[in-house]
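Fold and contact review
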Amino acid sequence: MLIVLPALVSVEGEKEPDPTAAEAGAALKTHILTLFDEVFARNVQVTDPGGRDIPCGNDKAKRTFAATGLDSDPEHPPDLLNNRMLGAMFSIADYNITDSSGTTFRLENEPTKTVILLESTANGTYFVRGETQCLWLQTPRSRNSFYGHPFVV
């Protein structure tokens, strides 16, 4: 009796491809709007709807998004609002603090290639803006592919 087992091929060291500018822009928008839900912001206004490619050269682009909202207490100072948002961000996605100058926090998420700035400057008013890194407009084909189909090794 002959038993034939299928060969399993594993490619080690390959990582997920970076998101496209549009995919990262969508993640950025979702993260920021979810943040406003988490801090129970009222009267959220989108100040930069994003949705357009900002050329970076070499067939790459970035996307932006920004919004503002009101806290339940108009007297809460900006540093409290930014700290409240910072705490909420960690439940939304895996962001790392890359800068904290004064009351502003800069956060980066490596998988989604997004940067978020918590920049409230007025009592009782949340302000958040973000951008993506410069990313491909379309996902480049893998080196191990032929017309979009992976090679079978």
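Everything below is about the structure shown above.
Here we summarise the structure given alongside this text. Sequence order as written defines residue numbering, which begins from 1 separately in each chain. Side-chain atom pairs in this predicted model are given and counted only at pLDDT of 80 or more, local residue features only at pLDDT of at least 70, and totals for whole chains, interfaces and linings cover all residues. To obtain the side-chain values, all non-hydrogen atoms of the structure were used and water was disregarded.

**Comments concerning the overall build of the protein**
Segments assigned H or I by DSSP are reported as helices when at least four residues long, segments assigned E as strands when at least two residues long, and all are numbered from the N terminus. Within the protein, the secondary structure is distributed over two helices and 11 strands. A 1.4 Å probe rolled over the protein chains alone gives each residue an accessible area, and that area as a share of the maximum for its type sets the label: buried under 20%, exposed over 50%, partly exposed in between. Residue burial in the protein is summarised as follows: out of 153 residues, 33% are buried. Contacts between residues were defined by any pair of non-hydrogen atoms, one from each residue, lying within 4.5 Å. Of the contacts made within the protein by residues no fewer than 6 positions apart, 59% connect residues no fewer than 24 positions apart.

**Concerning the environment of R106**
Here R106 is to be found in strand β6 (residues 104–109). For R106, a relative accessible area of 29% puts it in the partly exposed group. Expressed as a C-alpha distance, the spacing of R106 and R129, which sit 23 residues apart in the sequence, is 9.9 Å. Those residues in contact with R106 that sit more than four places away from it in its chain are N96, I97, T98, D99, V115, I116 and L117. Whenever a nitrogen or oxygen atom comes within 3.5 Å of another N or O atom, the pair is scored as a polar contact, on the condition that within protein one atom can donate a hydrogen and the other can accept it, and that pairs from neighbouring residues in sequence are kept only if both atoms are in side chains. A polar contact is formed between the side chain of R106 and the side chain of E108, at a distance of 3.3 Å.

**So, the nonpolar core**
Working definition of a nonpolar core: buried Ala, Val, Leu, Ile, Met, Phe, Trp, Tyr and Cys residues. They are joined through side-chain atoms within 4.5 Å. By size, the foremost hydrophobic cluster in this structure holds 21 residues, and its most contacted members are I32, L35, I116, L118 and V128. Among the secondary structure elements, those contributing two or more residues to this core are α1 (21–38), β4 (64–70), α2 (78–92), β6, β7 (114–118) and β8 (125–132). Among the elements that line this core, the one with the most residues is α2, at five residues. Dropping the residues within four chain positions of it, I116 is found in contact with L28, H31, I32, M89, Y95, F105, R106, L107, V128, R129 and G130.

**Considering the pairing of β7**
In terms of burial, β7 is largely enclosed, as five of its five residues are buried. Residues of β7 alternate between two faces, with T114, I116 and L118 on one and V115 and L117 on the opposite face, all of them buried. Here, strands pair whenever DSSP counts at least two bridges between them. Judged from the five bridges that link them, β6 and β7 form a sheet pairing that is antiparallel. Across the sheet, F105 pairs through a bridge with L118, a residue of β7. Taking the residues that link successive antiparallel strands as the turn, the β6-β7 hairpin has four residues, and the phi of K113 there is positive, at about 60°. Of the pairings in the sheet, the one linking β7 to β8 comprises five bridges and is antiparallel in character. Counted as the bridge partner of T114 is T132 from β8. The hairpin turn running from β7 into β8, its antiparallel successor, is six residues long, and G124 in that turn takes a positive phi close to 75°.

**Here we look at the sheet that holds strand β9 (residues 135–136)**
Two orientations exist for strands paired in a sheet by backbone hydrogen bonds: parallel and antiparallel. The strand order across the open sheet formed by three strands is β2-β3-β9, and the pairing between neighbours is antiparallel. Edge positions in the open sheet fall to β2 (54–57) and β9, since each of these has one partner strand only. The sheet contact formed by strand β3 (residues 60–62) and β9 spans two bridges and is antiparallel. Among the inter-strand pairings, K60 is bridged to a residue of β9, identified as W136.

**Focus: the state of the cysteines**
Our working definition of a disulfide is a cysteine sulfur pair at a distance within 2.5 Å. In this structure the tally under the stated criterion is one disulfide. There is a disulfide in this structure between C56 and C134, and the S-S distance comes to 2.1 Å. Sign of the S-S torsion, about -80° for the bond between C56 and C134, identifies this disulfide as left-handed. A residue pair is termed long-range when its members are at least 10 positions apart, and C56 in strand β2 and C134 in the loop between β8 and β9 qualify at 78 residues. By relative accessible area, which is 37% here, C134 ends up partly exposed.

These figures come from the coordinates and say nothing about function on their own.
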